[in-house]
Amino acid sequence: AQSVTQPDIHITVSEGASLELRCNYSYGATPYLFWYVQSPGQGLQLLLKYFSGDTLVQGIKGFEAEFKRSQSSFNLRKPSVHWSDAAEYFCAVGTSYNNNDMRFGAGTRLTVKP
Amino acid sequence: NAGVTQTPKFRILKIGQSMTLQCTQDMNHNYMYWYRQDPGMGLKLIYYSVGAGITDKGEVPNGYNVSRSTTEDFPLRLELAAPSQTSVYFCASILAGSTEAFFGQGTRLTVV
């Protein structure tokens, strides 16, 4: 079965600094990959997704992610972090279009220092 | 347009009690899901439904039951609450042909 690893449980960055959150997946074929963000006390919101085509995908709130098949990775990046980006970020992998078998990583909590 | 609405937001149950977590969506989405979120574990799928009258088990269905009598509603039932069911529960829905899941705000359940 597919699986996702987010190696960093907690990351702290200064406001205005760049950000990269790591995500590694395990799946034999081309996966469906997602990044979700969860603000405190809220449900999850989709940031971006990758199915095929251009390996660099743009999302909402200025985030982007790059799919690297050779490294089985789908890292999330943002050039300049804002205080409002403080949240928990989840990477997820699915094998089909309807997400019935989507697997989530354990999440990375982002703290933004002023 | 309310999206996905979950009730209650918080609940404390005693061991052996039962309860139903409610989930309603007003987006006419075909697919609905129940997840539980445990600290450091990410989300795990409990049950899902691809349409009214159709439900199926996810990764961690034991101790739970669901029904889907209408497109809008997808309640999750806990029959005999156990401490291991202490968690945050999220309901989500997806429109057929789409891949973006819309999540409710969650229900924090504590079983003591």
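Just so it is clear, the model here is predicted, and its values are computed rather than measured.

Student: Even after reading the chapter, I still don't get the packing of aromatic side chains, so can you show me in this structure?
Tutor: Ring pairs (aromatic) are described by centroid distance and by the angle formed between their planes. If you walk through the whole model with that rule in mind, you get 15 aromatic pairs over all chains. On the numbers, 5.8 Å between centres and 65° between planes, the contact of Y64 of chain B with Y89 of chain B is edge-to-face. Within this pair, whereas Y64 of chain B is found in strand β7 (residues 64-66), its partner Y89 of chain B is found in strand β9 (residues 87-94), the two being separated by 25 residues in sequence. Comparing Y64 of chain B with Y89 of chain B shows no difference in burial state: the two are buried. Members of the aromatic cluster, connected to one another through ring pairs, are Y32, F34, Y36, F51 and F104 of chain A together with Y33, Y35, Y48, F90 and F103 of chain B.

Student: How should I be thinking about the environment of S98 of chain B in this particular structure?
Tutor: Residues and elements named next belong to chain B. Note on placement: S98 falls in the loop between β9 and β10 (102-103). The exposure class assigned to S98 is partly exposed, which follows from its relative accessible area of 23%. S98 sits 67 residues away from Y31 along the chain, and the two C-alpha atoms are 10.0 Å apart.

Student: Looking at this structure, how should I read the nonpolar core?
Tutor: Note that soluble globular proteins tend to have their nonpolar side chains buried in a common cluster. Residues and elements named next belong to chain A. The biggest cluster of nonpolar side chains holds 26 residues, and the ones touching the most others in it are L19, W35, L47, L48, F74, L76 and Y89. Elements with a contribution of two residues or more to this core: β2 (10-14), β3 (19-21), β5 (32-38), β6 (44-50), β8 (64-68), β9 (73-78), β10 (87-94) and β12 (108-113). Ranked by residues supplied to this core, first place goes to β10 with four residues. When near neighbours in sequence (up to four residues on either side) are disregarded, Y89 contacts Q6, L21, W35, Y36, V37, L47, F63, L76, G107, T108 and L110.

Student: What should I look at first to understand the pattern of salt bridges in this one?
Tutor: Any two side chains of opposite charge can pair if their charged atoms end up close together. Taken as a whole and judged by the stated rule, the model has eight salt bridges over all chains. Where K78 of chain A meets D85 of chain A, a salt bridge forms, and the shortest distance between an N and an O atom there is 2.8 Å. When sorted by exposure, K78 of chain A lands in the same class as D85 of chain A, which is buried. A salt bridge links E59 of chain B to R103 of chain A; its shortest N-O distance comes to 3.5 Å. Here E59 of chain B is found in the loop between β6 (54-57) and β7, whereas its partner R103 of chain A is found in strand β11 (residues 103-104) on a different chain.

Student: Any chance you could explain the sheet that holds strand β1 (residues 4-7) of chain B here in plain terms?
Tutor: Hydrogen bonding along the main chain pairs the strands of a sheet, whether they run parallel or antiparallel. Residues and elements named next belong to chain B. One open sheet holds the four strands; their spatial order is β1-β3-β8-β7, and the pairing between them is antiparallel. At either margin of the open sheet sits one strand with a lone partner, and together these are β1 and β7. On average, adjacent strands in this sheet sit at an angle of 20° to one another, irrespective of strand direction. Direction of pairing for β1 relative to strand β3 (residues 19-25): antiparallel, over a ladder of four bridges.

Student: I keep staring at the state of the cysteines and nothing clicks. Help me out?
Tutor: Here, the word disulfide means a covalent bond between the sulfur atoms of two cysteines. Under the counting rule described, the total for this entry stands at two disulfides over all chains. Two residues share a disulfide in this structure: C23 of chain A and C91 of chain A, whose sulfurs sit 1.9 Å from each other. Sign of the S-S torsion, about -65° for the bond between C23 of chain A and C91 of chain A, identifies this disulfide as left-handed. Of the two residues, C23 of chain A sits in the loop between β3 and β4 (24-26) while C91 of chain A sits in strand β10, which places them 68 residues apart along the sequence. Both residues of the pair, C23 of chain A and C91 of chain A, belong to the buried class. Here C23 of chain B is linked by a disulfide to C91 of chain B, with a sulfur-sulfur distance of 1.9 Å. Judged by the sign of its S-S torsion, about -70°, the cystine formed by C23 of chain B and C91 of chain B is left-handed. One end of the pair, C23 of chain B, is in strand β3; the other, C91 of chain B, is in strand β9, and 68 residues separate them in sequence. The exposure class of C23 of chain B is buried, given its relative accessible area of 1%.

Student: What should I look at first to understand the interface of chain B and chain A in this one?
Tutor: As a measure of interface size, the accessible area lost when the parts come together is often cited. Taken together, the contact between chain B and chain A spans 22 residues of the former and 20 residues of the latter. In total, about 1700 Å² of surface goes out of reach between chain B and chain A, with carbon and sulfur atoms giving 52% of it. Per-residue buried area on chain B facing chain A is highest for L43, T99 and F103 of chain B; these three make up 30% of the total on that side. Across the contact surface, chain B and chain A share one salt bridge. At the surface where chain B touches chain A, the tally comes to three residue pairs in polar contact (both at pLDDT 80 or more). Secondary-structure elements contributing two or more residues to the side of chain B that touches chain A are β4 (31-38), β5 (42-51) and β9 of chain B. Of all the elements, β5 of chain B adds the most residues to the side of chain B that touches chain A, at five residues. Class assignment of the residues belonging to the side of chain B that touches chain A gives a composition of 12 nonpolar, eight polar and two charged.

So, how was this worked out
- Residues numbered from 1 in each chain as written.
- Chains lettered and ligands numbered in written order.
- Predicted model: local features only at pLDDT ≥ 70, side-chain atom pairs only at ≥ 80, totals over all residues.
- Heavy atoms only, no water.
- Phe/Tyr/Trp six-rings, centres within 6.5 Å; stacked < 30°, edge-to-face > 60°.
- Helix = DSSP H or I, 4+ residues; strand = E, 2+ residues; numbered from the N terminus.
- Buried < 20%, exposed > 50% of the residue type's maximum accessible area, 1.4 Å probe, protein only.
- Core = buried A, V, L, I, M, F, W, Y, C linked by side-chain atoms within 4.5 Å.
- Contact = heavy atoms within 4.5 Å.
- Salt bridge = Lys/Arg side-chain N within 4 Å of Asp/Glu carboxyl O.
- Pairing = 2+ DSSP bridges.
- Axes fitted to C-alpha atoms, helices over the stretch in contact; angles between N-to-C directions.
- Disulfide = S-S within 2.5 Å.
- Buried area = accessible area lost by both parts, 1.4 Å probe.
- Polar contact = N/O pair within 3.5 Å; in protein donor to acceptor, adjacent residues only side chain to side chain.
- Nonpolar A, V, L, I, M, F, W, Y, C, P; charged D, E, K, R; others polar.

All quantities given are derived from atomic positions and should not be read as evidence of function.
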